[in-house]
Amino acid sequence: MVMDRNLYNVEIGKEYIVTETPDIKLLNSIGIFEGARIKKENMYRFGGPVSVSISTRKIAIGKNIAERIHVKEAL
Amino acid sequence: MACHELTEDRQVLASENKILLMGSPNVGKSVFFSAFTNIHVVSSNYAGTTVSYMKGTLPLNGVNYNLIDVPGTYSLTATSEAEEVAVKFLTSNPKAILFVLNAADLEGSVKLALEVLEYNIPMVAALNLSDVAERQGRKINVKLLEKKLGIPVVPTVAVKGQGLKELEDKLAEVLAEADSQACAACGSCAGCSGCPAGAPVLSYWERAREIVAACVTDTNAAPSRLDRFGEALLRPWPGILLSIIIMLASLGVVVGAGKALRAVLLLPLVNQGIVPLFERLFAGIAMPEVLRNVLIGQFGIFRISFEWILALVMPYVLLFQLVFSFLEDSGILPRMAVLFDNVMSKLGVQGGSLINIMLGFGCAVPAIIGTRTATTRKERLIITTIVCFSIPCISQTGALISLLSDYSYWLLLAVFLTGASVFILMARLTSRMLKGKVDPLVIEIPNLLMPERKAYFKKFFVRVKQFLVDAEGPMMIAVVIAALLAETGILNGISSFLKPLVSGWLGLPPEASMSLILGIIRREMSVAPLLSMNLTGLQMYVGAVVSMIYVPCLSVFGILAKEFNLKVALSIVAGTVFLALLMGGVLNHLGQLVLLMF
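This structure is a prediction, so every number in the text was calculated from the model and none was measured.

### Comments concerning the packing of helix H18 (residues 377-390) of chain B against helix H20 (residues 409-433) of chain B
Residue and element names in this part refer to chain B.
- Look at H18 against H20: their axes get within 9 Å of each other, and the N-to-C directions meet at 150 degrees. By the angle between their axes, H18 is roughly antiparallel relative to H20. Of the two possible hands of crossing, H18 and H20 adopt the one that is right-handed. Residues Leu381, Ile382, Thr385, Ile386, Phe389 and Ser390 of H18 touch H20, and the partners they reach there are Gly419, Val422, Phe423, Met426, Ala427, Thr430 and Ser431.
- Taken together, the residues that form the contact of H18 with H20 break down as eight nonpolar, five polar and no charged.

### A closer look at the nonpolar core
All names here are of chain B.
- Ala96, Leu98, Phe99, Leu101, Ala364, Ala482 and Ala544 are the most contacted members of the largest nonpolar core, which totals 184 residues.
- Element by element, the count of residues in this core is highest for helix H13 (residues 301-330), at 14 residues.
- Each of domain 1 (2-179 + 202-222) and domain 2 (234-597) contributes no fewer than three residues to this core.
- If we ignore the near neighbours within four places in the chain, the residues touching Ala364 are Val387, Cys388, Ile391, Cys393, Pro552 and Val556.

### Details of the pairing of strand S5 (residues 96-102) of chain B
Residues and elements named next belong to chain B.
- Across the seven residues of S5, seven count as buried, placing the element largely inside the fold.
- Side chains Ala96, Leu98, Val100 and Asn102 of S5 all project onto a buried face; the interleaved residues Ile97, Phe99 and Leu101 project onto the opposite face, where all are buried too.
- Sheet topology places strand S1 (residues 18-23) next to S5; five bridges connect them, and they run parallel. By the bridge assignment for S5, Ile19 is matched with Ala96.

### Describing the domain arrangement of chain B
All names here are of chain B.
- Along its sequence, chain B is organised into domain 1 (2-179 + 202-222) and domain 2 (234-597).
- A separation of 39 Å is found between the C-alpha centroids of domain 1 and domain 2.
- Here the side of domain 1 that touches domain 2 is built from residues that sort into four nonpolar, three polar and one charged.

### Observations concerning the environment of A:Glu41
All names here are of chain A.
- Topologically, Glu41 is positioned in strand S3 (residues 37-43).
- Among the residues examined, Glu41 registers 18 C-beta atoms within 10 Å and is labelled partly exposed.
- Dropping the residues within four chain positions of it, Glu41 is found in contact with Ile12, Ser51, Val52 and Ser53.

### A few points about helix H16 (residues 353-360) of chain B
Residues and elements named next belong to chain B.
- For H16, a buried count of seven out of eight residues is recorded, marking the element as mostly surrounded by other parts of the structure.
- Taken together, the buried positions of H16 are occupied by Ser353, Leu354, Asn356, Ile357, Met358, Leu359 and Gly360.
- Looking at the buried residues of H16, the elements they touch are helix H14 (332-339), helix H15 (341-346), helix H17 (364-370) and H18.

### With respect to the sheet that holds strand S4 (residues 50-54) of chain A
- Strand order in this open sheet of seven strands is S1(A)-S6(A)-S2(A)-S3(A)-S4(A)-S5(A)-S10(B), and the pairing throughout is antiparallel. The sheet is open, and its two edges are formed by strand S1 (5-6) of chain A together with strand S10 (442-444) of chain B, each paired on a single side.
- Where strand S5 (residues 57-61) of chain A lies against S10(B), three bridges are found, and the strand directions are antiparallel. Opposite A:Ile59, over in S10(B), you have B:Glu444 as the bridge partner.

What counts and what doesn't
Residues numbered from 1 in each chain as written. Chains lettered and ligands numbered in written order. Predicted model: local features only at pLDDT ≥ 70, side-chain atom pairs only at ≥ 80, totals over all residues. Axes fitted to C-alpha atoms, helices over the stretch in contact; angles between N-to-C directions. Helix = DSSP H or I, 4+ residues; strand = E, 2+ residues; numbered from the N terminus. Parallel < 35°, antiparallel > 145°, perpendicular 65-115°, else oblique. Left-handed = near helix turned anticlockwise from the far one by under 90°. Contact = placed C-beta atoms within 7 Å. Nonpolar A, V, L, I, M, F, W, Y, C, P; charged D, E, K, R; others polar. Core = buried A, V, L, I, M, F, W, Y, C linked by C-beta atoms within 7 Å. Buried ≥ 20, exposed ≤ 12 C-beta atoms within 10 Å, placed from the backbone. Domains from an automatic or database assignment. Pairing = 2+ DSSP bridges.

The following block contains the structure:
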């Protein structure tokens, strides 16, 4: 069974499918929406952001938002 | 003020023959804009946001078109003000759109292009940054992309001027074609059933992905050294270490080369060339002694204007602009914003504001204007307060370096650390006191680029020219006031009046009252008079700390009143004066205590 987890606490270096996002318009505009395929690249300790790549784009998302983006592992 | 801006917007919106320059943020639209138009007719800002646009003239087919640099957006569906502006322009009956696609992020920009295409306006696309895509091992089938989008696409490298001529030709063709079909189009509108209403946003992304999958082939080229460095710089390890090294190296270049430029070239030029020339010139003219002193005495206009502006401020301004333009153009700054977001969050702001704060090391005015990108007013105010209280501009930094480093680099470090603690104090204080919230970081990380030499130097010259235009006037006013105060004896009166404060509390010589007067006009002018006062180490330290925190400068006051209101401007000035004098006095007395013990 694939668990539903959030972008902040999942492992880095893997690809994920977004299952749920908070209602922030900017996220959709930059390509984070339900069903989007993203790769978690880095995370930064002590409350830092998460950086992900979507297609050829790189984006960093602050902890508070990343925690509200739910993902499942891409198969 | 709001009304004035509104009519200006209407004028631009209503202007005839508009060509809109559109695309996602950071794809190089402005490079196209300055390449196609040489005269900037109107430049105005929408109140309170980052939304600003430029208008210039682009002659094509014998018609003068108005090229409008529409602010970059990621989509047309979200509700940010930048996007509202973009939509307003799209529905203002433009003749054509010059769309800039990002070859290095084709999916995102094709998605935006699909949204813009819904408006049925004649369109030509530039496939910009095509060198970066190539470097990263992606080959784009331009012919197929043209077919899929249904518009002409021209590969470009705008910073190098590649593809601009072809783009202009294509644009002229499309405009000519649109003109000839104008009547036919009028007729066909009646029969058109309209667009399928409410097409879901997601379908744009899906269509974009299909188009990209069809048009792009991976050449499997190994990532270039620059891309690998960009990756490394983004990882916590070694990114944090690398950025600290980059910062220290930048500081080293500015301080080291600035000092060298001052010592080797500018000081000899001023002290042995320019000033003696004026001394001889005035020696030959009969005039009252007071006038002679005002002109060429120890604080004479023709002496200190060169000593202070040319030899003290200019070397550091030049070096800073050289280094900072490089940092800006390379894409290093957004990476630092990501790496240090955690530290900045602890202080109550988000990592992105680091870019604005670093701008403040150049000058507080662009830094404060830059805070428009902040999403909340609270964030704007916090960054503005930090910049006003604790970030010395480069003119002042230059003066501080000259004052302190000749005595000891440790003193420079001590002032730097004092500044850092004021930074932390003000950040925590304002983030606690102000109501509202600060949104977390969401930032696109651009590809690391080697700044293009031509574009880089052009930016450098524009910045230096801007500095001369903006700062020369106030600096000269400060110089004239300094000369009049010092050489006519007025200063003695003021000094004896302020003596309890300046000497008793701050422990500085009474003449240092001049710093407090000149510092209101320009930041570096509060430091410059201290240079010739033979201060002790402690006096230098106290003087430097007081000038660093003290009133930002007249231009900053103006921009604070404009961007916020008079109340904010007055509060910040009052706060800086209070804190500067409080800290200066406390440090002076503590310092004297320490000196007594040893």
